[in-house]
Amino acid sequence: MKRILSGMRPTGKLHLGHYVGALENWVALQNDGDYETYFLIADYHALTTNLDSSHIYQNSIEMALDWLAAGVNPEQSPIFRQSQIKEHAELFLIFSLLITTSRLERNPSLKEQVRDLELDTISYAHLGYPVLQAADILLYKGSVVPVGEDQLPHIEITREIARRFNQTYPKPNGEAVFPEPEGKITKFARLVGLDGKAKMSKSLGNAILLSDPPDEVMKKVRTAVTDTAKIRKNDPGNPDVCTVFKYHQRFTKTEETQQIDADCRSGALGCVDCKKRCAASISEFLAPMLERRAQLERHSDHVRAILVEGESRARAVAMQTMSEAREAMKLG
Ligand code: TRP
């Protein structure tokens, strides 16, 4: 069966934006059963922009908890840390031979990151970020990679590296070792932040976490930006410019959302009530995840065991691919 591989950097607890932009899609693809699904915790990648490694383990556990709570089933889909499988480093080295530094310097995602993080210089490994990502994908011969739009340049580089390897080092029977993977973008992948900014992000402090309990959700939704022209409760409002309404559209039932739209426009519904209903919808949506998370947290060894098991399954595939690659290279 063909494989899907995707991954995230371990940034700790995930938020609703991660769910809408990626996790929901991962779980759907897993449950479709058309592909084998593999989900990677990109802990080495996390080090490329922050050398402080002291929280990476804990952040990886928190992220794995959210994946599991959201419906990733570890029996179907191995979840594993990149740093625990040495083959990632090995294939990264080989792939580094097959791409020029000027190609990597042209990578628009890197340019964006350098600008956003205001970096003066970058490390050799940071320049090679997409090369490591290519190794992540191709070790498992991932043919489909569900990602956000910002990752497409990395998938393109992965395709170029695969092509270059296959041309340079065909198998003894002339076949290609690696597939040329395709990126699969999640539609409607963005959820606005509480402050109305284009994207939810933990560092911007405008995110609702998947693990936020109802009182926390309420507290956060209360701060959300609404139509600034609607000042008093009975002023007519414009849902089209309201962050809270965007959440209703995603998390409240269609019929109720239509009523909210009408009542906001007429002035019958004030923002305070509207926000209460919004928070309730979001918490209702999160409830099963909170429950699963709580169950998993009760047995702290459980998640660790899931990773160890995922890592052993992933390692077997990675070793197999590496032995094919080394054979094609006639390295003996
Ligand atoms: N670069 C990806 C991100 O920041 C994370 C990642 C690492 C990844 N390796 C991957 C995604 C392999 C897909 C496939 O979101």
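Quick notes on the rules
- Residues numbered from 1 in each chain as written.
- Predicted model: local features only at pLDDT ≥ 70, side-chain atom pairs only at ≥ 80, totals over all residues.
- Heavy atoms only, no water.
- Helix = DSSP H or I, 4+ residues; strand = E, 2+ residues; numbered from the N terminus.
- Rg over C-alpha atoms; globule rule 2.2 N^0.38 Å.
- Buried < 20%, exposed > 50% of the residue type's maximum accessible area, 1.4 Å probe, protein only.
- Contact = heavy atoms within 4.5 Å.
- Areas by Shrake-Rupley, 256 points an atom, 1.4 Å probe, with all protein chains shown as cover.
- Near = heavy atom within 4 Å.
- Polar contact = N/O pair within 3.5 Å; in protein donor to acceptor, adjacent residues only side chain to side chain.
- Nonpolar A, V, L, I, M, F, W, Y, C, P; charged D, E, K, R; others polar.
- Phe/Tyr/Trp six-rings, centres within 6.5 Å; stacked < 30°, edge-to-face > 60°.

**Comments concerning the overall build of the protein**
- For the protein, the count of helices and strands is 14 helices and 5 strands.
- A globule of 332 residues ought to have a C-alpha radius of gyration of about 20 Å, and the protein, at 22 Å, matches this closely.
- Projected onto its principal axes, the C-alpha positions of the protein cover 75 × 45 × 40 Å.
- Looking at the 332 residues of the protein, the share that counts as buried comes to 49%.
- Nonlocal contacts in the protein, meaning residues at least 24 apart in sequence, comprise 77% of its contacts between residues at least 6 apart.
- Element-wise, carbon and sulfur atoms account for 52% of the exposed surface of the protein, whose accessible area totals about 16,600 Å².

**Brief notes about unusual backbone geometry**
- We note that Glu-118 has phi near 50°; this positive angle belongs to a residue other than glycine.
- Note on placement: Glu-118 falls in the loop between helix 6 (108-116) and helix 7 (124-127).
- You can call Glu-118 exposed: its relative accessible area is 67%.
- The phi dihedral of Lys-330 is positive, around 55°, even though this residue is not glycine.
- Examined against the element boundaries, Lys-330 turns out to sit in the segment after helix 14 (300-328).

**Quick notes on the site of the ligand**
- Close to the ligand lie 14 residues; Arg-9, Tyr-129, Gln-133, Asp-136 and Gln-151 are nearest.
- Contact distances for the ligand include 2.8 Å between a nitrogen atom and a side-chain N or O atom of Tyr-129.
- A distance of 3.0 Å is found between a nitrogen atom of the ligand and a side-chain nitrogen or oxygen belonging to Gln-133.
- If the ligand stood free it would expose 360 Å²; the protein chains cover 91% of that surface.
- When residues of the shell around the ligand are traced back to their parent elements, those giving at least two are strand 1 (3-8), helix 8 (129-139) and strand 4 (142-147).
- Per-element accounting of the shell around the ligand gives the leading share, 4 residues, to helix 8.
- Across the shell around the ligand, the residue classes break down as 7 nonpolar, 5 polar and 2 charged.

**Quick look at the packing of aromatic side chains**
- Counted according to the given criterion, the structure contains 12 aromatic pairs.
- With a centroid separation of 6.4 Å and an interplanar angle of 70°, the aromatic rings of Phe-39 and Trp-67 are classed as edge-to-face. Remark: Trp-67 occurs in helix 3 (residues 56-69) and Phe-39 occurs in strand 2 (residues 36-41); sequence separation between them is 28 residues. Residue Phe-39 shares its accessibility class with Trp-67, and that shared class is buried.

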